[in-house]
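# Working through the structure, step by step
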Amino acid sequence: MIEIGDLRFSYDEGDFSLEIPELKVADGETVAIVGPSGSGKTTLLNLIAGTATPRSGRVTTNGYEISGLHDAARRDFRIANIGLVFQEFELLEYLNVLDNILLPYRINPTLRLGTGVRERAEALAKRVGISDKLARFVNHLSQGEKQRIAVIRALVVQPPLLLADEPTGNLDPLNKDRVLDILLQYAEKNAATLVTVTHDHDILHRFQRVIDFKDFYDHATELRINSIVRS
Amino acid sequence: MRDVVYLAWRYLVYNRWKSAILITSIMLIVYLPIGLNVVVEQSAEHLTARAAATPLLVGAKGSPLELTLNSLYFSSENPELIDYSEATLVAESGLADAIPLYVRFHSRSHPIVGTSLDYFSFHNLSFAAGRPMAVLGECVVGATVAESLGVKPGDAVISSSETVFDLAGVYPLKMKVTGVLDPVFTPDDDAIFVDVKTAWIIEGLGHGHQDLARPEAASGVLSRTNDNIVANASVVQFNEITPDNADSFHFHGDLAGYPLTAVLAVPKDEKSGVILRGRYTDDDANSQIVRPVTVIDELLDTILTIQQFIVAAVIIVGLATIATAALVFLLSLKLRRREIDTMHKIGGSRGRVASMLLAEVFIVVMMSGTLAAAITMVTWRYGPGVIESFVLA
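Being a predicted model, the structure only gives us computed values, none of them experimental. (Residues numbered from 1 in each chain as written. Chains lettered and ligands numbered in written order. Predicted model: local features only at pLDDT ≥ 70, side-chain atom pairs only at ≥ 80, totals over all residues. Heavy atoms only, no water.)

### So, the overall build of chain A
The condition is simple: Labels follow the DSSP assignment, with helices taken as runs of H or I lasting at least four residues and strands as runs of E lasting at least two, numbered in each case from the N terminus. We call a residue buried when its accessible area falls under 20% of the maximum for its residue type, exposed when it is over 50%, and partly exposed in between, using a 1.4 Å probe and counting protein chains only. Two residues qualify as a contact provided that any one of their heavy atoms is within 4.5 Å of a heavy atom in the partner residue. The method behind every accessible area is Shrake-Rupley, applied with a 1.4 Å probe, and residues are considered shielded solely by the protein chains displayed.
Looking only at helices and strands, chain A features eight helices and ten strands. When each of the 231 residues of chain A is scored for burial, the buried share is 56%. Taking as baseline every contact in chain A between residues at least 6 positions apart, the subset at least 24 positions apart corresponds to 70%. For chain A, the computed accessible surface area is about 10,000 Å², with 45% contributed by carbon and sulfur atoms.

### Side note on the overall build of chain B
Across its full length, chain B carries eleven helices and 16 strands. When burial is assessed residue by residue, chain B has 44% of its 393 residues classed as buried. The long-range share in chain B, meaning contacts at least 24 apart out of those at least 6 apart in sequence, stands at 75%. Split by element, the accessible area of chain B, about 20,400 Å² in all, is 61% carbon and sulfur.

### What about the pairing of strand β3 (residues 96–107) of chain B?
Residue and element names in this part refer to chain B. Definition in use: In this scheme, strands are said to pair when DSSP sees at least two bridges between them.
Counting buried residues along β3, nine of its twelve residues qualify, which places the element largely inside the surrounding structure. Of the pairings in the sheet, the one linking β3 to strand β15 (residues 262–267) comprises six bridges and is antiparallel in character. Along β15, the bridge assignment pairs Ala-96 with Pro-267. Pairing analysis gives five bridges linking β3 to strand β4 (residues 110–115), with the strands arranged antiparallel. By the bridge assignment for β4, Phe-105 is matched with Ile-112. A loop of two residues connects β3 with β4, the two strands running antiparallel in sequence, and Arg-108 in this loop sits at a positive phi of about 55 degrees.

### So, the interface of chain B and chain A
Let me state the cut-off plainly: Once two parts are put together, the accessible area they lose, assessed with a 1.4 Å probe and summed over both, is termed the buried area. What makes a salt bridge here is a side-chain nitrogen of Lys or Arg within 4 Å of a carboxyl oxygen of Asp or Glu, nothing more. Each polar contact in these results corresponds to two N or O atoms within 3.5 Å; when the atoms are within protein, one needs to be able to donate a hydrogen and the other to accept it, and residues that are neighboring in sequence are counted only if both atoms are side-chain atoms.
With 20 residues of chain B in contact, the opposing surface of chain A contributes 25 residues. Roughly 2,300 Å² of surface becomes buried between chain B and chain A when both sides are summed, with 57% attributable to carbon and sulfur atoms. The largest contributions to the chain B side of the interface with chain A come from B:Tyr14, B:Lys345 and B:Ile346, which together make up 29% of the buried area. Viewed at the interface, chain A and chain B are joined by three salt bridges. Among the ionic pairs, B:Asp3 bridges to A:Arg106, the shortest N-O distance being 3.0 Å. For the pair chain B and chain A, the interface holds 14 residue pairs in polar contact (both at pLDDT 80 or more). Those elements giving two or more residues to the side of chain B that touches chain A turn out to be α1 (2–14), α10 (337–346) and α11 (350–392) of chain B. In terms of residue count, the dominant contributor to the side of chain B that touches chain A is α10(B) (seven residues).

### Digging into the confidence of the model for chain A
Residue and element names in this part refer to chain A. To keep things clear, this is the line we draw: Each residue carries a pLDDT score, the predictor's confidence in it, ranging from 0 to 100.
On average, residues of chain A score 86 in pLDDT, and 93% of them reach the 70 mark or higher. pLDDT under 50 marks residues 217–224. Its contacts with residues more than four places away, or in other chains, come to ten contacts. Within the model, the stretch residues 226–231 combines pLDDT values under 50 with 24 contacts to residues more than four positions away or in other chains.

### A word on the packing of aromatic side chains
To describe a pair of aromatic rings, you give the distance between the ring centres and the angle between the ring planes. All names here are of chain B. Stated precisely, the cut-off is as follows: Any two rings among Phe, Tyr and Trp, with Trp reduced to its six-membered ring, count as a pair given centres within 6.5 Å; such a pair is stacked if its planes are under 30 degrees apart, edge-to-face if over 60, and tilted if neither. Note on geometry: a ring has a charge over it if NZ (lysine) or CZ (arginine) is within 6 Å of the ring centre and within 35 degrees of the ring normal.
Across all of its chains, the model carries 14 aromatic pairs over all chains by this definition. With 5.6 Å between their ring centres and 70 degrees between their planes, Phe-120 and Phe-127 make a pair best called edge-to-face. Taking relative accessible area as the criterion, Phe-120 reaches 5% and is therefore assigned buried. Judged by its relative accessible area of 26%, Phe-127 falls in the partly exposed class. Each residue in the set Phe-74, Tyr-119, Phe-120, Phe-127 and Phe-193 is aromatic and connected to the rest through ring pairs, giving one cluster. Here the guanidinium or amino end of Arg-336 rests over the ring plane of Tyr-11, the centre of that ring lying 3.5 Å away.

### Here's the deal with the pairing of strand β2 (residues 16–25) of chain A
The element β2(A) is largely enclosed, with a buried count of seven among its ten residues. Hairpin connection from strand β1 (residues 2–10) of chain A to β2(A): five residues lie between these consecutive antiparallel strands, with A:Gly14 at a positive phi of about 95 degrees.

### What to know about the sheet that holds strand β3 (residues 30–34) of chain A
Residues and elements named next belong to chain A. As a reminder, the rule being used: A fitted line through C-alpha atoms serves as each axis, taken over the contacting stretch for helices, and the angle formed by two N-to-C directions is quoted from 0 to 180°.
On the basis of which strands lie adjacent, the open sheet formed by five strands has the order β6-β7-β8-β3-β9 and parallel pairing. Two strands bound the open sheet, and with one partner strand each, they are β6 (82–85) and β9 (209–212). Averaged over all adjacent pairs, the angle separating strand axes in this sheet is 15 degrees, with direction ignored. Pairing of β3 with β9, which is carried by four bridges, proceeds in the parallel orientation. In the sheet register, Val-31 faces β9, and the bridge partner there is Arg-209. Helix-sheet contacts for helix α6 (residues 143–155) involve β6 and β7 (161–165), and the interaxial angle to β6 is about 165 degrees.

See the structure below:
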């Protein structure tokens, strides 16, 4: 599903840089990435999603070398193949719950919004217990409900890859479990790959593999991943 | 495109107050110069048409504008008065027909125009119902008056006192409606027409009262000589002219000295008009003759100059408003940076996201333009009437 080789990345400004000689994530694998803040976990997700482009090396996602695609193609690929979940939910306050879930279908002509999609969105909403809140504005919902909506927004296009950046960071234990259940059940049912960045070590046992950026400093070769923070 | 417009619309609806203020501001900036132009153009057309149809006006020396506005548009500002003999002079000159005008009194808000039957033929006024006034105390009402007061031939209207405190002067005269005019969309629609003598009765220059020779009036008689009877205020005065009391109505003194506000002079031909105007060039004369179209043109010149200043001011304010609106939009983009980034991150196309933002601007501009057009239409329909009511009040 994901193959990274000889990747070098740095921002135009600042001292941060990231080097990854090799990283492979198999189809249907669930992976948790942990590590200290600023070590490059979110940057890695951005590189996989194609919202950041490496200085050199290659990033192949679902068989496409996303780092080699031009911007419009990367967007088209991302909207159809990658479901993104953010720690801060990133819902649009002026849209109701259903419109937030269907947002991907309205912002890229690659996806077509039809009756089937609406039914799927409503079914997902029902499955996570928010089907009675589809007409509400998101500002009036709890944190747990907001994150469930954000997760459904990522799932509604039925992507083969889910990238979640601290999806449980702002949730209480009960909602944390619910959101993880939704993500993991989707991955299992659809043979989708799930890569999650998290600081929460209590949930690591639920993933098939854990990549710890901190360990890298001691065991880079074993993890076959290289991250450098230059100060 | 439908999705783009939908998202833009949802944003505008959610931020409805911000959107409403923006739309209103732009609407006003679009509307003000156009609406003002419509009002001025239509008012000018309206005013000029009536003035052009009125060749000459004879009135007391003073403000030609006041004389014209009173005589043509029945404004409430009364010009200085002239004697009825001026009408006789014009008529006897053989140069023009003379139509007397005495525009001073009102029935509620409707002006009562004391004139002669020639007024109807001069202005080509036709009757929707009834007939012209024939005797004292009868009146003909314009189309608007008939509608607003709900009167028809056979009903009555009552003149109003000139002021609330005018208890002893002009007293209410109940006048019988004999005809209703067809609408002509001029001030004639809003007027009540009476014979000039009826107007004099409203003023109290002519009156009807109990026959003092009759025994029941004896208690009111203070003294009686061969030619003169002096009575006190207990003598009953009639405030309605009926067939029974019509004979008792009479005028004291010489009618030639009775008041008019103007004489509408209709020259036989252009040359006669020039000669007639020449007769009023004497600086010592107490009266003047004016060409209404000239007076109204001067008024419109003033209005147009004011309009140009207003339009210039509106354009400057408009530029400032557009700059402010652009600033609001840019600040809004900055505030929505995170939302826009989210759309890009999950795979929103640059074109769609940009189109959504542009659609918001487009919808705001379209709604502003539509509202401005709607209000301009309303202005086109009702504006001139409102403006004229201000100008002529």
